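# Working through the structure, step by step
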Amino acid sequence: PLFMQHLGRPLNEVDVAIERLVAECVVVGKELKVRGLLSDDELEEMSTAVIIGLPAVALFRSLLAEGSYFGTAGPPIFDDPHTTDPKLREFAAVLGGARVRLRTLRLHQDEAAALTEWLLGRERLPEREAKERGGEISAVVSALTGVALDVSRLEAFKRHSRQMFVELLSRCDSEGGGEEEG
């Protein structure tokens, strides 16, 4: 939020929440690019699948982080109990339902990876998971993509999204495309 203070704009709840989401999208996008799930072409085109899919994955990861899944950390996005903005409260309620479902599902790491690909529009769930838990997993995907779609329509997201893609492309390009640290 500091850059907005430098521009002389007042900070508001929506801008702060969107800045958190955009920052998380950059982190998640970088990792997805290294894993081959996000391409330069998709980022440069700002494709609909990426504009919706990347925030959906960031939201998913934030919900997983709350439950200490897979060693991730950080509080969920859009989960400020003191927010007064009706749209942010709506997002929090929808994501709260997804959070409850995720706790019930207790996803395995391979299921979380499959759900990430599903959110990006890459693949559907493997047949076994679809038969056993597909309805609950589909409900989580619907909640995440619904919030991501609504977020993509916000002026705050539109203001920040282009810079997000520029930053993501420059970070990925300048870091050598996924060289391992030793």
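Residues numbered from 1 in each chain as written. Predicted model: local features only at pLDDT ≥ 70, side-chain atom pairs only at ≥ 80, totals over all residues. Heavy atoms only, no water.

## Focus: the environment of E24
Here E24 shows up in helix α2 (residues 13–34). Exposure remark for E24: the relative accessible area of 28% places this residue in the partly exposed category. Separated by 38 residues in sequence, E24 and S62 have C-alpha atoms that sit 8.5 Å apart. When near neighbours in sequence (up to four residues on either side) are disregarded, E24 contacts A58 and I77. (Helix = DSSP H or I, 4+ residues; strand = E, 2+ residues; numbered from the N terminus. Buried < 20%, exposed > 50% of the residue type's maximum accessible area, 1.4 Å probe, protein only. Contact = heavy atoms within 4.5 Å.)

## Brief notes about the nonpolar core
I18, L54, F60, F78 and L144 are the most contacted members of the largest nonpolar core, which has 51 residues in total. Of all elements in the fold, only α2, α4 (48–66), α5 (86–105), α6 (109–119), α7 (127–152) and α8 (155–174) reach the threshold of two or more residues within this core. Of all the elements, α4 adds the most residues to this core, at ten residues. When neighbours within four sequence positions are excluded, L144 is seen to be in contact with A56, L59, F60, L63, L95, L115 and L119. (Core = buried A, V, L, I, M, F, W, Y, C linked by side-chain atoms within 4.5 Å.)

## Examining the pattern of salt bridges
Inspection of every chain in the model, using the stated rule, returns ten salt bridges. Between R61 and E31 there is a salt bridge, with the nearest N and O atoms lying 2.6 Å from each other. Placement of R61 in helix α4 and of E31 in helix α2 is noted, with a sequence separation of 30 residues between them. E90 is paired through a salt bridge with K87; the nearest N and O atoms lie 3.5 Å apart. (Salt bridge = Lys/Arg side-chain N within 4 Å of Asp/Glu carboxyl O.)

## Describing α2
Compared with the 32 Å implied by 1.5 Å per residue over 22 residues, the 32 Å span of α2 between its first and last C-alpha is a close match. Where α2 ends, the next residue or the one after it, G36, has phi of about 80°, a positive value. (Expected span 1.5 Å × (residues − 1).)

## Topic: the confidence of the model for the protein
Fine structural detail should not be taken from predicted coordinates in areas where pLDDT scores are low. Residues of the protein with pLDDT of at least 70 account for 78%, and the chain-wide mean is 78. For the protein, the element scoring lowest by mean pLDDT is helix α1 (residues 2–6), at 48; α2 scores highest, at 89. Taken together, the stretch residues 1–6 has pLDDT below 50 and engages in twelve contacts with residues farther than four places along the chain or on a different chain. Confidence over residues 172–182 falls short of pLDDT 50; this stretch has seven contacts with residues more than four positions distant or in other chains. (pLDDT = per-residue confidence, 0-100.)

## With respect to α5
In an α-helix, one turn spans 3.6 residues; hence positions three or four apart end up facing the same way. For α5, built from 20 residues, the straight-helix expectation of 28 Å at 1.5 Å per residue is met to within 8% by its first-to-last C-alpha distance of 29 Å. Between the side-chain oxygen at the start of α5 and the backbone nitrogen of K87 there is a gap of 3.0 Å, and the oxygen is on D85. Once α5 ends, the next one or two residues include R106, with phi positive near 50°. (Polar contact = N/O pair within 3.5 Å; in protein donor to acceptor, adjacent residues only side chain to side chain.)

## A short note on the environment of A93
In this structure, A93 sits in helix α5. Note: C-alpha distance between A93 and D79 (14 residues apart in sequence) is 8.7 Å.

## Points about unusual backbone geometry
With the exception of glycine, the majority of residues adopt a negative phi angle, and the majority of peptide bonds are in the trans configuration. Positive phi is not limited to glycine here, since R106 has a value of about 50°. The residue R106 is located in the loop between α5 and α6 in this model.

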